[in-house]
Amino acid sequence: MCRWMAYTGHSVYIDKLLYEPEHSLVHQSLGARKSEVTVNADGFGIGWYDEHDEPGLYHEVMPAWSDCNLKNLAHHIRSNLFFAHVRSSTGTATNRSNCHPFSYKNWLFMHNGQIGGYDTLRWHLDRLIPEHLYPFRCGATDSELIFLLMIANGLETDIHQAVTTTLKQTEDLMDKHEIVEPLRFASTLSDGKTLTVMRYSSDDQSPTVFSKLFEQHIVVGSEPLELSGDGWILMPEGHIATLVPTQPFNSTPLF
């Protein structure tokens, strides 16, 4: 399983969160603590918002800990909302087009989890992507597929409805094809203004999502950025939340 983190609040240099905490995302890429997979070395990516309408992106296939370009960029990029993701592949190739976060117009999306029986369902799910969105199907991952289906299902007007519709579509196909592997979905997305996080699974064993409210910002991710875990709140199973930097974490059921 992958590891990810997202930040929203006052503008900071990305390396303050990506490298400096004792259990930073780069540290997690070498030694995750709340995952079956300890090492996440199948590529990484960052996405950030600045004065432009659309987010910036940087993807690479090498492990995050070994890329000096990432360290230099993170030291110079300042943002009030950014994503970072280290990948542990569930079967698709290690290349840039399969690295998170994914983007569409002003949107960013990243994910940790799986669609059970993806190899069996991929053709059927791909057919649900409208023709006008299919050119944005650049990679082969189930994560990018989920993102495009959410867009097709009205993400730009109603996030909650788009997410639940997409999850139900996927689970209906899994049932139809008698897939016994679970659907697991721990993700975050943003339109550049708000940050939404979700945690769901068909077997009640979702990948973890933690959040912590600081004085001027909020951080959410697969694991706490401090080894002690003090102040970090585990998001409830089957919930969705829109994060506000100055307000405590508050989630609601997805279904």
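The structure displayed is predicted, hence computed values, not measured ones.

Procedures and definitions
Residues numbered from 1 in each chain as written. Predicted model: local features only at pLDDT ≥ 70, side-chain atom pairs only at ≥ 80, totals over all residues. Heavy atoms only, no water. Helix = DSSP H or I, 4+ residues; strand = E, 2+ residues; numbered from the N terminus. Rg over C-alpha atoms; globule rule 2.2 N^0.38 Å. Buried < 20%, exposed > 50% of the residue type's maximum accessible area, 1.4 Å probe, protein only. Contact = heavy atoms within 4.5 Å. Salt bridge = Lys/Arg side-chain N within 4 Å of Asp/Glu carboxyl O. Pairing = 2+ DSSP bridges. Core = buried A, V, L, I, M, F, W, Y, C linked by side-chain atoms within 4.5 Å. Arc of directions from axis to C-beta.

This part is about the overall build of the protein chain. Across its full length, the protein chain holds six helices and 13 strands. For a compact globule of 255 residues, the expected C-alpha radius of gyration is about 18 Å, and the protein chain comes in at 17 Å, within 12% of that figure. C-alpha extents for the protein chain along the principal axes are approximately 45 × 35 × 35 Å. In the protein chain, which comprises 255 residues, the proportion classed as buried is 56%. Put simply, of all contacts in the protein chain between residues at least 6 apart along the chain, 66% involve residues at least 24 apart.

Further remarks concern the pattern of salt bridges. One pass over the structure, following the stated rule, counts 10 salt bridges. For Asp126, the salt bridge goes to Arg137, with nearest N and O atoms at 3.2 Å. Remark: Arg137 occurs in the loop between helix H4 (118-126) and helix H5 (142-152) and Asp126 occurs in helix H4; sequence separation between them is 11 residues. Note on Asp126: relative accessible area 13%, which makes it buried. Arg137 sits in the buried class, given a relative accessible area of 10%. A salt bridge links Glu237 to Arg199; its shortest N-O distance comes to 4.0 Å. In this pair, Glu237 sits in the loop between strand E11 (233-234) and strand E12 (239-243) while Arg199 sits in strand E8 (residues 195-201), placing the two residues 38 residues apart along the sequence. Ionic contacts of the salt-bridge type, sharing partners, join the residues Asp126, Arg137 and Glu144 into one network.

Our next topic: the pairing of E12. Counting buried residues in E12 gives four out of five residues, a clear majority hidden from the surface. Strand direction decides the pairing type here: E8 and E12, joined by five bridges, are antiparallel. The residue of E12 that forms the bridge with Leu195 is Leu243. As paired strands, E12 and strand E13 (residues 252-253) are joined by two bridges and run antiparallel to one another. Looking across to E13, one finds that Ile240 is bridged to Thr252.

Turning next to the sheet that holds strand E10 (residues 217-221). Read across the open sheet, the seven strands follow the order E3-E2-E4-E1-E10-E9-E11; overall the sheet is antiparallel. Both outer strands of the open sheet, strand E3 (56-60) and E11, are each paired with one neighbouring strand and no more. Bridge count between strand E2 (residues 44-48) and strand E4 (residues 78-86): five bridges; the pairing is antiparallel. Paired with Phe44 across the strands is Val86, a residue of E4.

The subject of this paragraph is the nonpolar core. Note on soluble globular proteins: their nonpolar side chains tend to be buried together. Membership of the largest hydrophobic core comes to 32 residues, with the highest contact counts inside it found for Phe147, Met150, Leu155 and Phe185. Secondary structure elements with two or more residues in this core: strand E5 (102-104), strand E6 (107-114), H4, H5, helix H6 (159-176), strand E7 (184-190) and E8. Per element, the largest residue contribution to this core is seven residues, and it comes from H5. If we ignore the near neighbours within four places in the chain, the residues touching Phe185 are Phe109, His111, Asn112, Ile146, Met150, Val163, Leu167, Met198, Arg199, Tyr200 and Pro207.

The element E10 is largely enclosed, with a buried count of five among its five residues. Of the two faces of E10, both are covered, the one formed by His217, Val219 and Gly221 as well as the one formed by Ile218 and Val220. Where strand E1 (residues 3-13) lies against E10, five bridges are found, and the strand directions are antiparallel. Pairing of Ala6 across the sheet is with Val220, part of E10. Relative to E10, strand E9 (residues 210-213) runs antiparallel, the two being bridged by four bridges. Bridge assignment links Leu213 to a residue of E10, and that residue is Ile218. Linking two consecutive strands that pair antiparallel, namely E9 and E10, is a turn of three residues.

We now examine H4. Every buried residue of H4 is accounted for by Tyr118, Leu121, Leu125 and Asp126. All buried residues of H4 lie within an arc of 130° about the axis, which places them on one face of the element. The outward face of H4, more than 90 degrees from its buried face, is lined by the exposed residues Asp119 and Trp123. Where H4 is buried, its residues touch H5 and H6.

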